[in-house]
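Secondary and tertiary structure notes
Residues per chain, in single letters:
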Amino acid sequence: MIESSPPTGEMHFEPIAEIDILWITAGLGCDGDTIAMTAATNPSIEDLLSGTIPWIPKVHLYNPVLSYLVGDEFVAHFDRAAKGDPERPFILVVEGSIPNERNKEGGYWASFGTDTASGQPITTSEWLTRLAPHAWAIVAAGTCAAYGGIHAMEGNPTGCMGLPDFLGWNWKSMSGIPIVCVPGCPVQPDNFMEIILYLLNMAAGRAPMIPLDEALRPTWLFGATVHEGCDRGGYYEQADFTETHGKPECIVKLGCWGPVVQCNVGKRGWMGGVGGCPNVGGVCIGCTMPSFPDKFMPFMNQPPGSLLSSHAVETYGKTIRALRRFTQDSLNKEPVWRRKQQS
């Protein structure tokens, strides 16, 4: 249960000149959020790392998929951060859900690196326990890290969860920042990079506390529903529903949850403003919501809550369509005074 909303006051931060981004992909995931990030354009990861964007701290990214460093040389940066180096503040990005390492007799579910003293793998949950107290901020990249996602479906053997359930919904970083959840399966690329840029502006002392909703999502990105930004929204208003794929009309009867799911992909698209699930004919399955996927299955069935609303809008929609077509017919004809007059 979410106990309370995080503060969104006008806090400002002591400027930081240089910051690390430590990115863990060792949760239960698919690296899809890392790959999605490479498609970001506004800003791109290259913009942040090359210093193209003015006034933000110099950024060092340590992501196992994208880094040139490997093995002990790569893990050394996480070891240093876990010891609390005050000269190297860091933003911790976590990708993938966090398994419960206490629900079995032996073995482990997920790990990253090796403990030099014991020679045993360091579990992902142990890394979070070591790193969280020293992090300047923590970001959950994707729905798995935010809320558990696919792997946290009822009955899963790993007992996995999202970061707020692992660290606590009221957890705050050493700088007083709550966990920032950027859900999506995978995360929308520009959404994620926009949040990283916002945090970097906070680190530079140029932005107030990031505003989050009670599910710890940035409010300006997840305040509206898919339906409110969908290319097909006008068809819904007119009760133009399709029951087959490949048509331009509203697809709520094919299983789209867009009217209730908080997500901006309809407006923002996927890459470079192009795409977005319902815009290209894919039903919204609710992947940015804390209850995904359990409460949205089966994915291809019409959402129960949409039955009443879609039936109610049909009578209204047919009337509106008829009136608009009548007006349209009139507007498609030139005024009579423009016609050539007979002498």
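The paragraphs below set out a description of the structure included in this document.

**Overview of the layout of surface pockets**
Roughly 290 Å³ of volume is contained in the largest pocket. Forming the walls of the largest pocket are 24 residues, and the residues nearest its centre are Cys 185, Cys 263, Val 265, Cys 277 and Cys 287.

**Digging into the nonpolar core**
Core analysis: the largest hydrophobic core is formed by 72 residues, its most contacted members being Ile 91, Leu 92, Trp 136, Phe 192 and Met 202. Take this core: its biggest share by element is 10 residues, from helix H7 (residues 189–203). If near-sequence neighbours (up to four positions away) are discounted, Met 202 is found in contact with Phe 13, Trp 136, Ile 177, Ala 207, Pro 208, Met 209 and Ile 210. Residues Leu 254, Val 265, Cys 284 and Phe 296 belong to the second largest nonpolar core, which totals 14 residues.

**Observations concerning empty space enclosed by the protein**
What the rule picks out here adds up to 2 cavities of 30 Å³ or more. For the largest cavity, the calculated volume is near 80 Å³. The wall of the largest cavity is formed by His 227, Cys 230, Arg 232, Gly 233, Tyr 236, Cys 250, Ile 251, Val 252, Cys 256, Gly 258, Pro 259 and Pro 278. Quantified by volume, the second largest cavity comes out at close to 40 Å³. In terms of lining, the second largest cavity is formed by Ile 21, Trp 23, Met 37, Ile 45, Leu 48, Leu 61, Phe 192, Met 193 and Ile 196. The element contributing the most residues to the lining of the second largest cavity is H7, with 3 residues. Broken down by class, the residue content of the lining of the second largest cavity amounts to 9 nonpolar, no polar and no charged.

Rules of the game
Residues numbered from 1 in each chain as written. Predicted model: local features only at pLDDT ≥ 70, side-chain atom pairs only at ≥ 80, totals over all residues. Heavy atoms only, no water. 1 Å grid on protein atoms, 1.4 Å probe; cavity = no way out; pocket = protein on both sides within 12 Å on 5 of 7 lines; lining within 4 Å. Points joined across faces, edges and corners; volume = space filled by probe spheres on them. Core = buried A, V, L, I, M, F, W, Y, C linked by side-chain atoms within 4.5 Å. Buried < 20%, exposed > 50% of the residue type's maximum accessible area, 1.4 Å probe, protein only. Helix = DSSP H or I, 4+ residues; strand = E, 2+ residues; numbered from the N terminus. Contact = heavy atoms within 4.5 Å. Nonpolar A, V, L, I, M, F, W, Y, C, P; charged D, E, K, R; others polar.

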